[in-house]
Amino acid sequence: MTKKWTQSQVREGRSVSPDLFNQELRAQQSSITTLDRTQLPGSFVDEARLKDYALHQVWFDERVGSGEQTNEVDTGVPAAAWESSTIQTSRGGWRTLVETTLTGFKGGSLFVEWSANVYVNNIFSYGRNDGRPGTPNYMGMRILVNGVNIGERRGGGYHQQCRIFGSQLMPPGNLSLVLQWRDAEQSQDAASTTSSGDRMPFAHLWNNRWLAIARYR
Amino acid sequence: MSRLTQPPVLDGDDINAASLNDRFAQFTQSGTLDSFNARDAAFDLPQFKTGAGRPITPEMATTTIGYNLWKHSAYNTYTGQSTGAAPYVVQDGTPATTVLSLGAAGWTINPDEHLLRVYWDLSVRPRWEGTKPWNGGALYFTLPQSGGGTVNVFSGYGCWAFWLQWDITSNGLTNFVNVPSQLDFNTVVTGTRGGNALSACSSTSVVQNALEYGDLIDNGEFTSTPVDTPVGWTSVDGAWFYAPTPSSVTVYGLRVVFSGPFGAHNAGGVNYLVRNDSVASTARLDTQAGTLQAMYMRVK
């Protein structure tokens, strides 16, 4: 767009002073700085015209450590099993797999997803002494942001892939992200060892990865 | 928004038409709306570029994979594989392999700029031929029986494994290889059985291939024969993402492959997912349809 003189046009033979021009320049600047988003052309916001983190921000971990939970690792399990959580090592309650900070969050919508393969031992779900329908085991998973639970699921009950996600509007500032897992408490009828004395594995998570996407407006 | 890069006109400055016109010309914008003008969040949706080159997710693609017949009245059936086998590729009803093409130019994923995200799902039915064939493999625990003796029970580790392969050579899609940090389960781990450390299963998803449990277990002892329940038709899905480092990678296609039966093994403090060659011939996997979707997004 071509701007026009608005204050006093320069003409031949006219006397001028610095203020005359500064006045015009300021007037034009004022006019141009009123160009707001409603005047921007359609489809003009592309990669080249965006500042980093203008609209969104992504944090991720393609693999949490080796991918496996390391909260409870019992080495006394059979060879055909994984060193994982057993009755002997289980602390119960929520165990923290990931605790990290989402730095530079500017305020807006936050989406978090967490995927993993879970192993849950359900051999002892139907006990004589705990009554039907027994105590089926599940792998509880939850996502906490600044201590707020934004996604929690009962999770897998077998050896399977699981993915949970949650989203929440959050205030500006660095955010605390915590991913936690909790297997169901074992039945009183569950065996704690095999007949040869190896410890019985009950729960494991592997191939853990997470992704957080902030959308700013 | 618009900026003046020259100082204001001051007393004593040489004033002539050329210098004044230069200053004035600064206000004549030629459509240069750059990142300085585009302030944080100062946009409405119509101003976002659509199609290729979108600012947040430059590209997305999706396709149906597998045998697309949701009645499950017909399906593909695969037999278990032994160490050394190349994995099966998800096939349609022809049967021909089903892949996700990312176009002739592929997608170039740059370090510290992009994240490749892949999601997929597939309808499957794991099963076995014969009676409790897993007891011939390393797929069970031996547990005490009430009144003496022992009983073998499926450990729950037994599964089919699915993982991703990509073609980063050309859109001819004839050069698929495993995605990074994903091996093919053919490195011998124990005896002659191949497998991967769990840390080498970056894109692996599993589905359990048998359900067996005790009925009325009494303080850790089996009081009756373990109960078997068919797994039936179920689904398996995957979510994988990848940020290249230190170099860019151009991806032309993706596909889901699978093999089985697998089980657990540990040695030297390392957990493995290993093949069960001795019972592979009795394992079956029926497959139906699913979807394979990919996108790459800017991370900042």
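Residues numbered from 1 in each chain as written. Chains lettered and ligands numbered in written order. Predicted model: local features only at pLDDT ≥ 70, side-chain atom pairs only at ≥ 80, totals over all residues.

Q: I tried to follow the overall build of chain B on my own but got confused; where do I start?
A: Of regular secondary structure, chain B possesses one helix and 21 strands. What you see for chain B is a C-alpha radius of gyration of 29 Å, clearly larger than the 19 Å of a compact globule of 300 residues, by over 25%. Taken along its principal axes, the extent of the C-alpha atoms in chain B is 110 × 45 × 35 Å. The 300 residues of chain B split such that 41% are buried. Contacts in chain B between residues at least 24 apart in sequence constitute 76% of all its contacts with a sequence separation of at least 6. (Helix = DSSP H or I, 4+ residues; strand = E, 2+ residues; numbered from the N terminus. Rg over C-alpha atoms; globule rule 2.2 N^0.38 Å. Buried ≥ 20, exposed ≤ 12 C-beta atoms within 10 Å, placed from the backbone. Contact = placed C-beta atoms within 7 Å.)

Q: For this particular structure, what's the right way to read the nonpolar core?
A: Note that soluble globular proteins tend to have their nonpolar side chains buried in a common cluster. Membership of the largest hydrophobic core comes to 112 residues, with the highest contact counts inside it found for A212(A), L116(B), A161(B), V256(B) and L273(B). With nine residues, strand β10 (residues 201-216) of chain A is the largest single contributor of residues to this core. Membership of the second largest hydrophobic core comes to five residues, among which are V45(A), L50(A), A54(A) and F43(B). (Core = buried A, V, L, I, M, F, W, Y, C linked by C-beta atoms within 7 Å.)

Q: I keep staring at the interface of chain A and chain B and nothing clicks. Help me out?
A: Many descriptions give the size of an interface as the accessible area lost when the pieces come together. Each side of the interface is counted separately: chain A has 76 residues, and chain B has 79 residues. The set of elements that each furnish at least two residues to the side of chain A that touches chain B consists of α1 (18-33), β1 (56-61), β4 (108-120), β5 (126-127), β8 (160-170) and β10 of chain A. Class assignment for the residues of the side of chain A that touches chain B results in 33 nonpolar, 26 polar and 17 charged. Bridge analysis of β5(A) against strand β15 (residues 215-217) of chain B gives two bridges, and the strand direction is parallel. By the bridge assignment for β15(B), Y126(A) is matched with D215(B). (Nonpolar A, V, L, I, M, F, W, Y, C, P; charged D, E, K, R; others polar. Pairing = 2+ DSSP bridges.)

Q: I'm lost on the environment of R255(B) in this one. Help?
A: Mapped onto the elements of the fold, R255(B) is located in strand β19 (residues 253-267). Along the backbone, R255(B) and W120(B) are 135 residues apart, and their C-alpha atoms lie at a distance of 9.5 Å.

Q: Before we go on, may I ask you to explain the environment of L254(B) in this structure?
A: All names here are of chain B. Within the secondary structure layout, L254 lies in strand β19. Residue classification places L254 among the buried positions, given that 27 C-beta atoms sit within 10 Å. Sequence spacing of L254 and L122 is 132 residues, and the spatial spacing of their C-alpha atoms is 15 Å. Excluding residues within four positions of it along the chain, L254 makes contact with V99, L100, V118, L164, W166, L292 and A294.

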